[in-house]
Amino acid sequence: MTVAVGVTGNATELFRANTAHSPSYFALRRAAGGLSPSGGGRDIVDFCIPCNPYFPSPAMYEKLQESMRDILTYYPSSTDVITNELCSLLGLNPQTVAMGNGSTELITWIDHLLVRESLAIPIPTFGRWTDQPMETGKRVDMFLLPEAAGFALDPAAFVAFVRARGSRTAVICNPNNPDGGFLPKHAVVALMDALSDLDLVVIDESFLDFSDAEAWPSVADEAVLRPNVIVLRSLGKNFGLHGIRFGYLVANPALAGKVRRMLPKWNLNSFAEAVVFMLKDHREEYAQSLRMVSRDRQEMTWQLAALPGLTVYPSQGNFVFVKLPDGVDGAVLRDRLLAEHGVLVRECGNKLGSSSRFMRLVVRPQADVQRLLTGLSTVLYGSTWYAAPAPAAAAPVQEQPPPPPQPAPQQLPQIQPAPPPQPLPQIQQAPPPQPLYEQPFAPPPAPPQPVYEVRREPQPQPQPQVQPQPQPQVQPQFQPRAEGPATDMYPALAAEVPPAFAAVPSGTPRPALYWQDAS
């Protein structure tokens, strides 16, 4: 999303007005005074809404614009017609599929029709899976994903939790939102088998198309063989078209038919129909967009991990989950990034199982990531130490033959110099914003001097051995002890400088980067 804003203060207030979700594009645009992306102000780079930035292709947008009048004027075809076209592309049996006006509509009907008294789900996760059943009076059993394990889901521990709580429905998101945690296909199938006695098991694969861990990670084919399993898929997220509300579920014919019969007529709009019937001509562009997102995710992960104090978790979605440095409030960071740098991020303080120390950042092209990194380093550390890659060196210039001699220019009349300008009044500059992270990360200074210095006392030169002469025996006389120690009775202290004090190590610590073996 790119929108020009004029008054960013109004935009930041929208986050406090709605605590459940981030404000929409249209709300931000209205807060900015209705400016268009080319109408002035500063463009906002959106790292909040998890859309595919490379799809649809420009050719698809042009075709949609050409058909805009018809799309807005006429009723769409029946849902069965649109579903049959989608199933022909995906190789699915239409009797096992139900299409909805976005995945949220399908979650609502799953809750009303199939969820009885309780539902178990790992958290943090997509908010509608916890909010929807609670709104209808169901008990939601929340299995907290451990931060120490990088928010990775242990299937055996989750099954044990379901048994202990007596939950009748179990839901997992794969990859999970917001952390991007991923379970391989064999682990998901084993989980479905272990919970085969439940009323319902839902595998939400809304972001699975962005995964590159396995060639065929979906369990949709296995779901149609089981009487209690539903696989949920989202088209808006995958196609970068959140405004077109369409998604689908896959289940055995009896389960899918139960949901399909309850859906309202014409729950899919003409935009959804137009896009579904365009897909067969643009499958290669879609596959290429997923490869580009995978490449950008890897680059973005390592670039964020280079920021001091930031913890980055591995992801198989089109977003990256990060933990902020100690003492940083994510809401304050979000507001300053938007107001000072035009960067919109998703602060996760309103997600169950998360806190304001965490942010979910959508994967975007490198040009946008450079702006995010510059904003983060400036707001967090009070320094623009992060530098974008230098441009490629220019090609060497070919030497040109010397130009022919030109006639001497004519003497121009003398011009009286203008009087010197009057000095302008001094303007008091506002103090710069304070960094959110106390530890400075400007370019490293010169190594400081040692804390203390111990010098080695010069050792006396050895003297030639002299044979002692026998001395007459003399009765020792009592001598009173002198006040204070005799300085010549103690040799000078000689010690090596401890290595810890020899020099202060330069550089800054690198943050932890958790990794959970997918096997």
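Summary of the structure given here.

Definitions and cut-offs
- Residues numbered from 1 in each chain as written.
- Predicted model: local features only at pLDDT ≥ 70, side-chain atom pairs only at ≥ 80, totals over all residues.
- Heavy atoms only, no water.
- Helix = DSSP H or I, 4+ residues; strand = E, 2+ residues; numbered from the N terminus.
- Buried < 20%, exposed > 50% of the residue type's maximum accessible area, 1.4 Å probe, protein only.
- Contact = heavy atoms within 4.5 Å.
- Areas by Shrake-Rupley, 256 points an atom, 1.4 Å probe, with all protein chains shown as cover.
- Core = buried A, V, L, I, M, F, W, Y, C linked by side-chain atoms within 4.5 Å.
- 1 Å grid on protein atoms, 1.4 Å probe; cavity = no way out; pocket = protein on both sides within 12 Å on 5 of 7 lines; lining within 4 Å.
- Points joined across faces, edges and corners; volume = space filled by probe spheres on them.
- Nonpolar A, V, L, I, M, F, W, Y, C, P; charged D, E, K, R; others polar.
- Lys, Arg positive; Asp, Glu negative; His and termini not counted.
- Salt bridge = Lys/Arg side-chain N within 4 Å of Asp/Glu carboxyl O.
- Axes fitted to C-alpha atoms, helices over the stretch in contact; angles between N-to-C directions.
- Parallel < 35°, antiparallel > 145°, perpendicular 65-115°, else oblique.
- Phe/Tyr/Trp six-rings, centres within 6.5 Å; stacked < 30°, edge-to-face > 60°.
- Lys NZ or Arg CZ within 6 Å of the ring centre and 35° of its normal.
- Pairing = 2+ DSSP bridges.
- Left-handed = near helix turned anticlockwise from the far one by under 90°.

## A few points about the overall build of the protein chain
Next up, step 1: Summing up its helical and strand segments, the protein chain has 17 helices and 13 strands in all.
Next up, step 2: The buried share of the protein chain, taken over its 519 residues, is 44%.
Next up, step 3: A fraction of 76% describes how many contacts in the protein chain between residues 6 or more apart in sequence connect residues 24 or more apart.
Next up, step 4: Taken as a whole, the protein chain presents about 29600 Å² of accessible surface, with 58% of it coming from carbon and sulfur.

## Describing the nonpolar core
Next up, step 1: Judged by nonpolar contacts, the single largest core of 89 residues is most densely connected at Phe158, Leu304 and Leu333.
Next up, step 2: The greatest single-element share of this core, amounting to seven residues, is contributed by helix α16 (residues 366-381).
Next up, step 3: Discounting chain neighbours no more than four positions away, the residues touching leucine 333 are Leu324, Val328, Met359, Leu376, Val379, Leu380 and Leu436.

## Things to note about empty space enclosed by the protein
Next up, step 1: Per the stated rule, a full pass over the model turns up two cavities of 30 Å³ or more.
Next up, step 2: For the largest cavity, the calculated volume is near 80 Å³.
Next up, step 3: The wall of the largest cavity is formed by Ser103, Ile107, Phe126, Cys173, Pro175, Asn177, Asp204, Ser206, Phe207, Leu232 and Lys237.
Next up, step 4: When grouped by side-chain class, the residues that make up the lining of the largest cavity number six nonpolar, three polar and two charged.
Next up, step 5: In this structure, the second largest cavity occupies an estimated 50 Å³ of space.
Next up, step 6: Along its surface, the second largest cavity is lined by Gly102, Ser103, Ser234, Gly236, Lys237, His242, Ile244, Arg245 and Phe246.

## Some remarks on the side chain of lysine 237
Next up, step 1: Tracing the backbone shows lysine 237 in helix α11 (residues 235-239).
Next up, step 2: Buried and unpaired, lysine 237 has no salt bridge, with aspartate 204 as the nearest side chain of opposite charge at 6.8 Å.
Next up, step 3: The residues touching lysine 237, leaving out its near neighbours within four places in the chain, are Pro50, Cys51, Asn52, Ser103, Ser206, Phe207, Phe210 and His242.

## So, the packing of helix α6 (residues 103-114) against helix α12 (residues 253-262)
The packing of two helices is summarised by the inter-axis angle and the distance between the axes.
Next up, step 1: Between α6 and α12, the shortest axis-to-axis distance is 10 Å and the interhelical angle comes to 110°. When the axes of α6 and α12 are compared, the pair comes out roughly perpendicular. Residues Leu106, Trp109, Leu113 and Leu114 of α6 touch α12, and the partners they reach there are Leu255, Lys258, Val259 and Met262.
Next up, step 2: Residues belonging to the contact of α6 with α12 are distributed by class as follows: seven nonpolar, no polar and one charged.

## Examining the packing of aromatic side chains
Next up, step 1: Applying the stated criterion across every chain, the model contains 14 aromatic pairs.
Next up, step 2: Aromatic pair phenylalanine 321 and phenylalanine 358: ring centres 5.2 Å apart, planes at 10°, arrangement stacked. Linking phenylalanine 321 in strand β11 (residues 319-323) with phenylalanine 358 in strand β13 (residues 358-362), this pair joins segments that are 37 residues apart in sequence.
Next up, step 3: We classify phenylalanine 321 as buried; its relative accessible area is 0%.
Next up, step 4: What links up through ring pairs into an aromatic cluster is the set Phe55, Phe239, Phe246 and Tyr286.
Next up, step 5: The aromatic ring of phenylalanine 319 is capped on one face by arginine 360, whose charged end is 5.8 Å from the ring centroid.

## Re the layout of surface pockets
Next up, step 1: Within this model, the second largest pocket holds a volume of roughly 1000 Å³.
Next up, step 2: Broken down by secondary-structure element, the contributors of at least two residues to the lining of the second largest pocket are α5 (79-90), α10 (220-223), β8 (229-234), α11, β9 (247-251) and α14 (283-305).
Next up, step 3: When residues in the lining of the second largest pocket are grouped by element, the largest group, six residues, is from α14.
Next up, step 4: When grouped by side-chain class, the residues that make up the lining of the second largest pocket number 19 nonpolar, seven polar and eight charged.

## A look at the pairing of β8
Next up, step 1: Among the six residues that make up β8, six are buried, leaving the element largely enclosed by the rest of the structure.
Next up, step 2: Here β8 shows no split at all, with Val229, Val231 and Arg233 on one side and Ile230, Leu232 and Ser234 on the other all buried.
Next up, step 3: As judged from the four bridges shared by strand β7 (residues 200-204) and β8, these two strands associate in the parallel manner. By the bridge assignment, aspartate 204 is partnered in β8 with leucine 232.
Next up, step 4: Where β8 and β9 come together, five bridges link them in antiparallel fashion. Following the sheet pairing, arginine 233 is matched in β9 by tyrosine 248.

## Overview of the packing of helix α3 (residues 58-66) against helix α13 (residues 270-278)
Next up, step 1: Two elements in contact, α3 and α13, have axes whose closest approach is 11 Å; the angle formed by their N-to-C orientations is 135°. Comparing the axis directions of α3 and α13 gives the class oblique. Here α3 runs over α13; the crossing is right-handed. Two secondary-structure elements touch here, α3 through Met60, Lys63 and Leu64 and α13 through Ala274, Val275 and Met278.
Next up, step 2: Among the residues making up the contact of α3 with α13, the classes are represented as five nonpolar, no polar and one charged.

## Details of unusual backbone geometry
Next up, step 1: The residue after phenylalanine 55, namely proline 56, is reached through a cis peptide bond having omega 0°.
Next up, step 2: As for its placement among the helices and strands, proline 56 is situated in the loop between β2 (42-47) and α3.
Next up, step 3: With omega at 0°, the peptide bond leading from asparagine 174 into proline 175 counts as cis.
Next up, step 4: You will see that tryptophan 266, though not glycine, has its phi angle at about 55°, which is positive.
Next up, step 5: Mapped onto the elements of the fold, tryptophan 266 is located in the loop between α12 and α13.

## Remarks on the pairing of β13
Next up, step 1: In terms of residue burial, β13 counts as a mostly covered element, since five of its five residues are buried.
Next up, step 2: Residues Phe358, Arg360 and Val362 of β13 are buried on one face, and the alternating residues Met359 and Leu361, pointing to the opposite face, are buried as well.
Next up, step 3: Strand direction decides the pairing type here: β11 and β13, joined by five bridges, are antiparallel. Each residue of the ladder has a partner; that of valine 322, found in β13, is methionine 359.
Next up, step 4: Strand direction decides the pairing type here: strand β12 (residues 343-347) and β13, joined by two bridges, are antiparallel. The residue of β13 that forms the bridge with glutamate 347 is methionine 359.

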